[in-house]
Amino acid sequence: CTRLRSLTIPARLRDFSTDIIGDSAVFENIYVADDHETYGSVNGMLTNKAGDTILYCPPGRRGALRIPTGIRTIAESAFAGCSRLSSLTIPNFVTTIEDGAFSGCTGLTAVTFSGGNALGEELTVGASVFENCERLSNVVFEENSNVVSLGEAVFSGCTRITSVSLPATVSTISQGLFAGCTNLGNVVFVDDPAGLTEGEGLTIGSNAFSGCNSLDS
């Protein structure tokens, strides 16, 4: 169905599989019947019934995206291959981004982990979340973004990133975090103005900067 643009899931369809969509590059919105027992929909994206977890985004979704209010979790591979997304804002009410959530979003150029309330909950980012987002060049962690963990190979293969500042809340640079980021020239580790508490420090995993041939500071 190469021209499919939207789909409404009826209550009687109990289990959704992306296999039913096929390869429609213009499929932008998915909706769910109000009385469905398992699924919901927020801004044309598939969620769980509670509406706090994005399970799937249609691959034709395009332009700038700000994760909607109320979303706490972005499921594994939920946006994988959404090549028409151009920018992404992740507010600090999101607490979990699962593995490969935005992998292969080849049109994505900018990602912002936005700040806000300093009392917001911690955000954990899984493995390979932005892997092979080949046009991604601008990654911003705003103050109070509350990112505490970046999984393995999160930015692996993002060849257009040239500089990044990592917040003090991130204490571990995981294995292969920036592997293959061939144009990465500058990484800044932001200090915690309050100072580290006893026993805390910075750990850098193996091959975290493997293949970063432009890195000079």
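The structure displayed is predicted, hence computed values, not measured ones. (Residues numbered from 1 in each chain as written. Predicted model: local features only at pLDDT ≥ 70, side-chain atom pairs only at ≥ 80, totals over all residues. Heavy atoms only, no water.)

## Description of the sheet that holds strand β10 (residues 110-113)
- Strand order in the open sheet formed by four strands is β6-β8-β10-β12, with parallel pairing between adjacent strands. Each edge of the open sheet carries a strand with a single partner, namely β6 (63-66) and β12 (138-141). Geometrically, the sheet is characterised by an average inter-axis angle of 10 degrees between neighbouring strands, direction not taken into account.
- For strand β8 (residues 85-90) and β10, the ladder comprises four bridges, and the chain directions are parallel. If you follow I90 over to β10, its bridge partner there is F113. (Pairing = 2+ DSSP bridges. Helix = DSSP H or I, 4+ residues; strand = E, 2+ residues; numbered from the N terminus. Axes fitted to C-alpha atoms, helices over the stretch in contact; angles between N-to-C directions.)

## Things to note about a nonpolar patch on the surface
- A cluster of nonpolar side chains, contributed by F189, L202 and I204, occupies part of the molecular surface with about 260 Å² of accessible area.
- Relative to the elements of secondary structure, L202 occurs in the loop between β16 (186-189) and β17 (203-204). (Patch = residues over 30% accessible without salt bridge, like charges linked within 9 Å, V, L, I, M, F, W, Y side chains within 5 Å. Areas by Shrake-Rupley, 256 points an atom, 1.4 Å probe, with all protein chains shown as cover. Salt bridge = Lys/Arg side-chain N within 4 Å of Asp/Glu carboxyl O.)

## Re unusual backbone geometry
- Within the chain, N132 stands out as a residue other than glycine whose phi angle is a positive 60 degrees.
- With respect to the helices and strands, the residue N132 is situated in the loop between β11 (123-125) and β12.
- A positive phi angle is found at N144, which is not glycine, with a value near 70 degrees.
- With respect to the element layout, N144 can be found in the loop between β12 and β13 (147-150).
- On the basis of relative accessible area, N144 is assigned to the partly exposed category, the value being 29%. (Buried < 20%, exposed > 50% of the residue type's maximum accessible area, 1.4 Å probe, protein only.)

## Some words on the pattern of salt bridges
- A complete count under the given rule lists two salt bridges for this structure.
- A salt bridge links E28 to R62; the shortest N-O distance between them is 3.4 Å. Residue E28 is located in the loop between β1 (6-9) and β2 (29-32), and its partner R62 is located in the loop between β5 (53-56) and β6; the two are separated by 34 residues in the primary sequence.
- A relative accessible area of 47% places R62 in the partly exposed class.

## Remarks on the side chain of S174
- Within the secondary structure, S174 sits in the loop between β15 (172-173) and β16.
- By relative accessible area, S174 is classed as buried at 13%.
- Those residues in contact with S174, other than ones at most four positions away along the chain, are L150, G151, E152, G205 and A208. (Contact = heavy atoms within 4.5 Å.)

## Some remarks on the packing of aromatic side chains
- For the structure shown, the criterion picks out eight aromatic pairs.
- With centroids separated by 4.7 Å and ring planes inclined at 20 degrees, the aromatic side chains of F79 and F102 adopt a geometry described as stacked. In this pair, F79 is assigned in the loop between β7 (73-74) and β8 and F102 in the loop between β9 (96-97) and β10, connecting sequence segments 23 residues apart.
- Residues F130 and F155 carry aromatic rings whose centres are separated by 5.7 Å and whose planes lie at 5 degrees to one another, so their mutual orientation is stacked. You can see F130 sitting in the loop between β11 and β12 and its partner F155 sitting in the loop between β13 and β14 (163-166), a full 25 residues away along the chain. (Phe/Tyr/Trp six-rings, centres within 6.5 Å; stacked < 30°, edge-to-face > 60°.)

## Topic: the environment of S137
- Mapping S137 onto the fold places it in the loop between β11 and β12.
- As for S137 and L184, which are separated by 47 residues in sequence, their C-alpha atoms are 9.5 Å apart.
- Among all residues touching S137, those that are not within four sequence positions of it are T109, R160, I161 and T162.

## A word on the confidence of the model for the protein chain
- Looking at the protein chain, pLDDT values average 90 and 93% of them are 70 or higher.
- The low-confidence segment residues 193-199 (pLDDT under 50) makes one contact with residues lying over four places distant or belonging to another chain. (pLDDT = per-residue confidence, 0-100.)

## Details of the environment of N29
- Within the secondary structure layout, N29 lies in strand β2.
- Residue classification places N29 among the partly exposed residues on the basis of a relative accessible area of 22%.
- With 16 residues separating them along the chain, N29 and M45 place their C-alpha atoms 6.3 Å apart.
- The residues touching N29, leaving out its near neighbours within four places in the chain, are R5, S6, L7, N43, G44, P58 and R61.

## Focus on the pairing of β10
- Covered by surrounding structure in β10 are A110 and T112 together with V111 and F113, the residues of both alternating faces.
- With four bridges joining them, β10 and β12 adopt parallel strand pairing. The residue bridging A110 from the neighbouring strand is N138, located in β12.

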